[in-house]
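Below are the chains, spelled out letter by letter.
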Amino acid sequence: TEFIQQQVSRIARVQAHPLYQLDGINMGPAQWLGIARFIDEWWDHYDGFVIAHGTDTLAMTASAVSMMLGRVNKPVVFTGAQTTLDVLHGDATSNLLRAVYVAAHLEGVCETQICFNEQVLRAVRAEKSDDRMFAGFISPAWPALAHITENLLINPQAQLASIATRADFQPYLAEHMLFIPLIPGMRPDDYQALLTLRQQQGRAFQGIIISTPGLGNIPSEPPYNFRTFIQSAVQAHIPVLISSQVPINPYTQNQYEAASVPAQYGAIPAGNLTLAAAFTKFAWV
């Protein structure tokens, strides 16, 4: 509170609303919903919103909140830091000040975004790239929305078209999701047994995400053939999303047989979405 009064208030009139005193790793769907509902409830009271968050799951929370808020006509800015506030040369103070500057800027970007170091990134396009360097977030498949220098340098090619009123608030997230990070040597029969058990218990998964080394590149040789597992899940009316562990070009998908086959079994390609955006969007949908 003292820091806000002495420093942040020099940029904008700010009110602090502590929501959760949790480490970032403990921020999950319940907290994502809580943040989104708070912003929706207070939407007409402020010109912009800044959310301070732990960096480990910052992209996940920002992506989830972005999905639920939809298109917005005010800045919603997430930020965090690689150091704690007591590190004088650290980035905690500068990142918070810059986030407030971005949220209060008269020509600021009106969407859900992440402000970190000198960059402003689209929330659903950002991912954490480093745990030590101050430039800890990147946007591998979309250019930065803006750069922070002495002035805010906005990239008009990266912005969404402005809207007069925000979209309808849709606070929905599926609770029963199965995430499978695919690594060579993994066997699908273990997951098939889990799938069957959950169905027998009446707690079937609402969706399954398979994260692969390349988009849709699913093993086909037994006993590691995940194609039959995908087919079994789809036949049980459980949607399967195929995401990538690395940034990819979605337009090359059909050039490779191994990448195109899963779609023939009913799997959904996630394109070049980040893992955070793919998971949260899938849970939201």
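Our subject is the structure listed above.
Here's what I pulled together on the structure shown here. (Residues numbered from 1 in each chain as written. Predicted model: local features only at pLDDT ≥ 70, side-chain atom pairs only at ≥ 80, totals over all residues. Heavy atoms only, no water.)

A look at the side chain of Q31
Filter applied, for reference: What counts as a helix is a DSSP run of H or I of at least four residues, what counts as a strand is a run of E of at least two, and both are numbered from the N terminus. Contacts were defined at the residue level, with two residues in contact if any of their heavy atoms lie within 4.5 Å.
Along the chain, the position of Q31 falls in helix α2 (residues 29-41). Setting aside anything within four residues of it in sequence, one finds Q31 in contact with Y20, L22 and N26.

Let's talk about the side chain of S211
Structurally, S211 can be placed in strand β10 (residues 207-212). Those residues in contact with S211, other than ones at most four positions away along the chain, are F179, I180, P181, L182, S243, S244, Q245 and L275.

A look at the pattern of salt bridges
Side-chain pairs of opposite charge can arise where the charged atoms are in close proximity. What counts is decided by this rule: Here a salt bridge means any side-chain nitrogen of Lys or Arg lying within 4 Å of a carboxyl oxygen belonging to Asp or Glu. Relative accessibility decides the category of a residue: with a 1.4 Å probe and only protein chains considered, values under 20% of the type maximum give buried, values over 50% give exposed, and everything between is partly exposed.
Inspection of every chain in the model, using the stated rule, returns 4 salt bridges. Residues E111 and R122 are paired through a salt bridge, measuring 2.7 Å at the closest nitrogen-oxygen approach. A residue pair is termed long-range when its members are at least 10 positions apart, and E111 in the loop between α4 (92-104) and β3 (112-116) and R122 in strand β4 (residues 119-122) qualify at 11 residues. A residue is classified by how much of its surface remains accessible, and E111, at 5% relative accessible area, is buried.

Let's talk about the pairing of strand β2 (residues 76-79)
Each regular strand displays side chains that alternate between the two surfaces of the sheet. Selection criterion: Any two strands with at least two DSSP bridges between them are considered paired. Seen with the strands pointing away from the viewer, any crossover whose path from the first strand over the helix to the second strand runs clockwise is right-handed.
Here β2 shows two buried faces, one formed by V76 and F78 and the other by V77 and T79. Across 4 bridges, strand β1 (residues 49-52) lies against β2 in parallel orientation. By the bridge assignment, V50 is partnered in β2 with V77. The parallel pair β1 and β2 is bridged by helix α3 (residues 58-69), and the resulting crossover is right-handed. Pairing geometry for β2 and β3, over 3 bridges, is parallel. Paired with F78 across the two strands is I114, which belongs to β3. Once you follow β2 into α4 and on to β3, the crossover reads as left-handed.

Details of the packing of α2 against α3
Condition: Axes here mean lines fitted to C-alpha atoms, for a helix over just the part in contact, with angles spanning 0 to 180 degrees between N-to-C directions. Comment on the angle field: the value is read as roughly parallel under 35 degrees, roughly antiparallel over 145, roughly perpendicular from 65 to 115, and oblique elsewhere. Left-handed describes a crossing whose near helix is turned anticlockwise from the far helix by less than a right angle; the clockwise case is right-handed. Lys, Arg, Asp and Glu make up the charged group, whereas Ala, Val, Leu, Ile, Met, Phe, Trp, Tyr, Cys and Pro make up the nonpolar group; the residues left over, Gly among them, are polar.
In the contact formed by α2 and α3, the axes pass within 9 Å of each other and the chain directions differ by 50 degrees. In terms of orientation, α2 and α3 fall into the oblique class. For the crossing formed where α2 meets α3, the hand is right-handed. Facing W32, L33, I35, A36 and I39 of α2, the residues of α3 in contact are M60, T61, A64, V65, M68 and L69. Class assignment of the residues belonging to the contact of α2 with α3 gives a composition of 10 nonpolar, 1 polar and no charged.

Some thoughts on the sheet that holds strand β9 (residues 177-181)
Reading across the sheet, the 4 strands line up as β9-β10-β11-β12 and stay open at both edges, with parallel pairing between neighbours. Only two strands of the sheet have a single partner each, and these edge strands are β9 and β12 (268-269). Pairing of β9 with β10 involves 5 bridges; the strand directions are parallel. Counted as the bridge partner of I180 is I210 from β10.

Thoughts on unusual backbone geometry
Glycine aside, residues mostly have negative phi, and peptide bonds are mostly found in the trans state. Here the residue pair P222 and P223 is connected by a cis peptide bond, since its omega of 5 degrees sits within 30 degrees of zero. Residue placement: P223 occurs in the loop between β10 and α6 (227-235). Not every positive phi belongs to a glycine, and N117 is a case in point at roughly 60 degrees. Residue position: N117 is located in the loop between β3 and β4. According to the relative accessible area criterion, N117 is partly exposed, its value standing at 22%. The backbone of H237 sits at a positive phi, close to 65 degrees, despite the residue not being glycine. On the secondary structure map, H237 appears in the loop between α6 and β11 (240-244).

On their own, these measurements won't tell you what the molecule is for.
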